[in-house]
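Letter by letter, the chains look like this.
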Amino acid sequence: MKQFKKIGLLLAAFMLGIFSVWAQKPIKTLVVTGQNNHNWPVSHIAIQKILENSGLFQVDLAISPQKGEDMSAFTPDFSAYQLVVLDYNGDPWPEKTNQAFVEYVKKGGGVVIYHAANNSFPNWKEYNEICALGGWEGRDEKSGPYAYWENNQLKKDMTAGPGGSHGSQREYVLTTRSQGHPVLKGLPEQWMHAQDELYDRMRGPANIGTLMYTAFALKDKGGSGREEPLVFTVDYGKARIFHLMLGHAGETLENNPAMQCTGFQVLLLRGSEWAATGKVTQKVPADFPTATKISYRKDYK
Ligand SMILES: [Zn+2]
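Residues numbered from 1 in each chain as written. Predicted model: local features only at pLDDT ≥ 70, side-chain atom pairs only at ≥ 80, totals over all residues. Heavy atoms only, no water.

By the naming in an unreviewed UniProt entry, the protein is ThuA domain-containing protein, taken from Parabacteroides faecalis.

Shown next as structure tokens:
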């Protein structure tokens, strides 16, 4: 009997040890990429650098076959990760990969939808619910309403028309539309983003949870003339989903202003930590942009 007690105590100590090591471990993250109408060879490296340079994340890559190639062996093990970051816009995944991804999300998995990932898979119902809003690839009123900020609330507009467009790239101000979310805590109500696209006229189920930031798509720059939702969480069961429409990839890692923007990087880091754990332990950095001043972290740290 005594011996059993001893074994029990040893086991408890062992479990505690495992737990404390696990608690300090970086967040196990999978970045899914490999096809995109964007410069994914730049964007996925920038994302990996931003996440890993923070010391909070350990990143693995799932790089798909190239467009038109056999996708049947592309079966990332989502369930092995606390966080999945999607930088993918391309050929359909195999059905079992779709199922594994939906299962991962439904079980409460952490997801970050980054920029053109919301263009992907226009006909995959669950995927569009996981994104809440998407664009291009034939999206129209059948995809769901337009969603934009009007009269101090999120308006859902069923007017017919294509989903997804953007004006010419420029610097623009983001304005917060909610308070109290861990990702937003301590961040300014307005901040100036470096040169980027401003996605507008997006459509989808529009199951936006917390709308964090919008920006105004100027008509004279080819935009919608609306205050567009660009950063938000998605309401989807138990899942924590952070949707970040910012960050159009540049030509090289050195010429990549939208992703070199400190505001983009800090939101990616805070949104990723929240999606993985439900908390944000990061302090607001002193170099965060202000309403009038852009800030860069050109080396992604
Ligand atoms: Zn883009």
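Now that the structure has been shown, the text picks up again.
Chemist: Would you take a moment to explain helix 3 (residues 95-106) for this structure?
Modeler: Helix length check: helix 3, at twelve residues, gives a terminal C-alpha distance of 16 Å against a target of 16 Å (1.5 Å per residue), a fit within 8%. Taken together, the buried residues of helix 3 touch strand 3 (83-86), strand 4 (110-114), helix 4 (125-131) and strand 13 (240-244). Following helix 3 by one or two positions, Gly 108 adopts a phi angle in the positive range, close to 100°. (Helix = DSSP H or I, 4+ residues; strand = E, 2+ residues; numbered from the N terminus. Expected span 1.5 Å × (residues − 1). Contact = heavy atoms within 4.5 Å.)

Chemist: Please clarify how the coordination of the zinc ion should be interpreted in this entry.
Modeler: For a metal with four tetrahedral donors the ideal donor-metal-donor angle is 109.5 degrees, while six octahedral donors give ideal angles of 90 or 180 degrees. Summarising the metal site, the zinc ion is bound by the protein donors His 38 (NE2), His 115 (NE2), Glu 197 (OE) and His 248 (ND1), whose distances to it range over 2.0 to 2.1 Å. Taken together, the four donor atoms surrounding the zinc ion define angles of 93 to 153° at the centre, an arrangement classified as irregular. For the zinc ion, the single-chain donor residues occur in sequence as H-x76-H-x81-E-x50-H. Here His 38 is found in the loop between strand 1 (27-33) and helix 2 (40-53), whereas its partner His 248 is found in the loop between strand 13 and helix 5 (257-260), with 210 residues between them in sequence. For the pair His 38 and His 248, a shared accessibility class is recorded, and that class is buried. (Donors = N, O, S within 2.8 Å, 3.2 Å for Na, K, Ca; no water. Tetrahedral: all angles 85-135°; square planar, octahedral: opposite > 155°, others 65-115°. Buried < 20%, exposed > 50% of the residue type's maximum accessible area, 1.4 Å probe, protein only.)

Chemist: Help me understand the nonpolar core, please; the structure alone is not making it clear to me.
Modeler: In globular proteins that are soluble, nonpolar side chains generally tend to be buried together. Counting residues in each nonpolar core, the largest one holds 85 residues, and the members touching the most others are Val 32, Leu 86, Trp 93, Phe 101 and Leu 230. Of the residues forming this core, the biggest block, eight residues, is contributed by helix 6 (residues 262-277). For Val 32, the residues in contact, after removing those within four places along its chain, are Ala 62, Phe 74, Phe 78, Val 84, Val 85, Leu 86, Asp 87, Tyr 88 and Trp 93. (Core = buried A, V, L, I, M, F, W, Y, C linked by side-chain atoms within 4.5 Å.)

Chemist: Looking at this structure, how should I read the environment of Ala 73?
Modeler: Structurally, Ala 73 can be placed in the loop between strand 2 (57-63) and strand 3. Sequence-wise, Ala 73 and Ala 62 are eleven residues apart; in three dimensions their C-alpha atoms are separated by 12 Å.

Chemist: Please explain empty space enclosed by the protein as it appears in this structure.
Modeler: Where empty space is left becomes clear once a probe the size of a water molecule has been rolled over the atoms. On inspection of all chains with the given rule, the structure shows one cavity of 30 Å³ or more. Lining the largest cavity are Gly 167, Ser 168, Arg 170, Leu 198, Asp 200, Ala 217, Leu 218, Lys 221 and Gly 223. When the residues that make up the lining of the largest cavity are grouped by side-chain class, the tally is three nonpolar, three polar and three charged. (1 Å grid on protein atoms, 1.4 Å probe; cavity = no way out; pocket = protein on both sides within 12 Å on 5 of 7 lines; lining within 4 Å. Points joined across faces, edges and corners; volume = space filled by probe spheres on them. Nonpolar A, V, L, I, M, F, W, Y, C, P; charged D, E, K, R; others polar.)

Chemist: Sorry if this is basic, but what is going on with the UniProt feature "domain: ThuA-like" (unreviewed entry) in the protein here?
Modeler: The positions that UniProt labels "domain: ThuA-like" (unreviewed entry) are, in the present scheme, residues 29-275. The straight-line gap between the two end C-alpha atoms of residues 29-275 is 11 Å; of that span, 21% is helix and 29% is strand. (UniProt positions renumbered as here; feature names shortened; annotations may be inferred.)

Chemist: Looking at this structure, how should I read the side chain of Ser 224?
Modeler: When you line up the elements, Ser 224 lands in the loop between strand 11 (208-216) and strand 12 (227-234). Reaching out from Ser 224, the side chain makes a polar contact with the side chain of Glu 228 at a distance of 2.6 Å. With residues near it in sequence (within four places) discarded, Ser 224 still touches Asp 200, Arg 201, Ala 217 and Lys 219. (Polar contact = N/O pair within 3.5 Å; in protein donor to acceptor, adjacent residues only side chain to side chain.)

Chemist: Hey, could you run me through helix 6 in this one?
Modeler: Side chains three or four residues apart in an α-helix point the same way, a direct result of the helix having 3.6 residues per turn. Along its 16 residues, helix 6 runs 22 Å from first to last C-alpha, staying within 8% of the 22 Å computed at 1.5 Å per residue. At the C-terminal side of helix 6, Gly 278 shows a positive phi close to 85°.

Chemist: How should I be thinking about the layout of surface pockets in this particular structure?
Modeler: Put simply, the second largest pocket is a space of about 150 Å³. Around the second largest pocket, the lining residues are Gln 35, Asn 36, Asn 37, Lys 67, Asn 89, Gly 90, Asp 91, Asn 119, Ser 120, Phe 121, Pro 122 and Glu 137. Residues of the lining of the second largest pocket, tallied by class, amount to two nonpolar, seven polar and three charged.

Chemist: Would you mind showing me how to read the pairing of strand 11 here?
Modeler: Note on strand geometry: in a regular strand, side chains alternate between the two faces of the sheet. For strand 8 (residues 170-176) and strand 11, the ladder comprises two bridges, and the chain directions are antiparallel. Looking across to strand 11, one finds that Thr 175 is bridged to Thr 214. Here strand 11 runs beside strand 12; their pairing, made up of six bridges, is antiparallel. Paired with Leu 211 across the strands is Phe 232, a residue of strand 12. (Pairing = 2+ DSSP bridges.)

Chemist: Is there a simple way to explain the packing of aromatic side chains in this structure?
Modeler: Within the structure shown, the criterion is met by 18 aromatic pairs. Taken together through their ring pairs, the aromatic side chains of Phe 74, Phe 78, Tyr 88, Trp 93, Phe 101, Tyr 104, Phe 121, Trp 124 and Tyr 127 make up a single cluster. Stacked on the ring of Tyr 146, the Lys or Arg Arg 203 has its end atom at 3.8 Å from the ring centre. Sitting over the face of the ring of Tyr 296, Lys 298 holds its NZ or CZ atom 4.9 Å from the ring centroid. (Phe/Tyr/Trp six-rings, centres within 6.5 Å; stacked < 30°, edge-to-face > 60°. Lys NZ or Arg CZ within 6 Å of the ring centre and 35° of its normal.)

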